[in-house]
Amino acid sequence: MPIVLVEDLRKSFGSLEVLKGISLSVERGQVVALLGRSGSGKSTLLRCLNGLETISSGRIEIGGHVMSYAPAALRALRKDVGIVFQSFNLFPHLSAAENVMLAPRVVKKTPKREARELAMEMLGKVGLIDKADVYPDQLSGGQQQRVAIARSLAMQPRVMLFDEVTSALDPELTGEVLNVMERLAAEGMTMLLVTHEMEFARRVATTTVFMYKGLVHETGSSKELFGRPSTSEFRQFLGVTSD
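Residues numbered from 1 in each chain as written. Predicted model: local features only at pLDDT ≥ 70, side-chain atom pairs only at ≥ 80, totals over all residues. Heavy atoms only, no water.

- Named according to an unreviewed UniProt entry, the chain is Amino acid ABC transporter ATP-binding protein originating from Limobrevibacterium gyesilva.
- The Subcellular location (unreviewed entry) field of the UniProt record for the chain holds the comment "Cell membrane". (UniProt positions renumbered as here; feature names shortened; annotations may be inferred.)

## Focus on the environment of Ser-38
- Note that Ser-38 resides in the loop between β3 (31-35) and α1 (42-49).
- Distance in space between the C-alpha atoms of Ser-38 and Tyr-212 is 9.4 Å, their sequence separation being 174 residues. (Helix = DSSP H or I, 4+ residues; strand = E, 2+ residues; numbered from the N terminus.)

## What to know about the nonpolar core
- Counting 49 residues, the largest nonpolar core has Leu-123, Ile-149, Phe-162, Met-181 and Met-191 as its most contacted members.
- Looking at this core element by element, the count peaks at seven residues for helix α6 (residues 171-186).
- Filtering out sequence-adjacent residues up to four positions away, Met-181 remains in contact with Ile-149, Phe-162, Val-165, Met-191, Leu-193 and Phe-200.
- Val-32, Leu-49, Val-159 and Met-211 belong to the second-largest nonpolar core, a separate cluster that totals 29 residues. (Core = buried A, V, L, I, M, F, W, Y, C linked by side-chain atoms within 4.5 Å. Buried < 20%, exposed > 50% of the residue type's maximum accessible area, 1.4 Å probe, protein only. Contact = heavy atoms within 4.5 Å.)

## A word on the packing of aromatic side chains
- Under the definition given, this model contains five aromatic pairs.
- The rings of Phe-210, Tyr-212, Phe-226, Phe-234 and Phe-237 are connected pair by pair, giving a single aromatic cluster.
- When the ring centre of Phe-13 is taken as reference, the NZ or CZ atom of Lys-11 above it lies at 4.7 Å. (Phe/Tyr/Trp six-rings, centres within 6.5 Å; stacked < 30°, edge-to-face > 60°. Lys NZ or Arg CZ within 6 Å of the ring centre and 35° of its normal.)

## Notes on the packing of helix α4 (residues 112-125) against helix α5 (residues 141-153)
- Following both chains from N to C, one finds α4 and α5 inclined at 130°, their axes separated by 9 Å at the closest point. The angle between α4 and α5 places the two elements in the oblique class. Along this stretch, α4 crosses α5, giving a crossing that reads as right-handed. In contact with Met-122, Leu-123 and Lys-125 of α4, α5 contributes Val-147, Ala-150 and Leu-153.
- A per-class count over the contact of α4 with α5 returns five nonpolar, no polar and one charged. (Axes fitted to C-alpha atoms, helices over the stretch in contact; angles between N-to-C directions. Parallel < 35°, antiparallel > 145°, perpendicular 65-115°, else oblique. Left-handed = near helix turned anticlockwise from the far one by under 90°. Nonpolar A, V, L, I, M, F, W, Y, C, P; charged D, E, K, R; others polar.)

## Section: the packing of α5 against α6
- For the pair α5 and α6, interaxial distance at closest approach is 8 Å and the crossing angle is 20°. Put simply, α5 runs roughly parallel to α6. Judged by the sense of rotation from one axis to the other, the crossing of α5 with α6 is right-handed. Each of Gly-141, Gly-142, Gln-143, Gln-145, Arg-146, Ile-149 and Leu-153 in α5 lies in contact with α6, whose residues at this interface are Leu-173, Glu-176, Val-177, Val-180, Met-181 and Leu-184.
- The class makeup of the residues in the contact of α5 with α6 is seven nonpolar, four polar and two charged.

This is the structure in structure tokens:
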């Protein structure tokens, strides 16, 4: 059974249909790169998978949860499906460790000492254990994004969603965040990521999905798609000239 199953997903904002019948499945441990031009529906798809957008029609099953918008169902879903955005959204008055501890303490009622141990473990995963007691304004953008990833990991999710998490970072800081994501992939974390980092997608993602005008236009193994894109739209997106 796929850990992510999307069937004929449609999403409209008023009269504008953004997702026009998306179907895809993701197996446990897969890393899926969602590529496409701005406006193709990539980020909207991720937000639908975490229940941040209400779908117009279709079906989503993710991390063992059939999508429902009842508050209790959404809380249960978000325990198992983490999402990291372009903006870090850290609480400035909390240290890095306290930011990571917050969700387990509030949502899972994890005791403070246990939550602190978990936070240190997650900060270790992202290479920031030495910054545990540092506040966000004392961290670089790349470090703040790594804390945001640790915060999602602290909920011990079954699926992680990444929405252009490096697009707000300077080039020299992008690498440190991508390195964390690559380690997570190597550890078997199921991941779906919207990214403009083509080399990272080609090298790390097991599967690439190219979205075009609200549809899955081309999909397959990353090695095959990048090596031989079959549609003119994907070739143009990659800047590949046909023979």
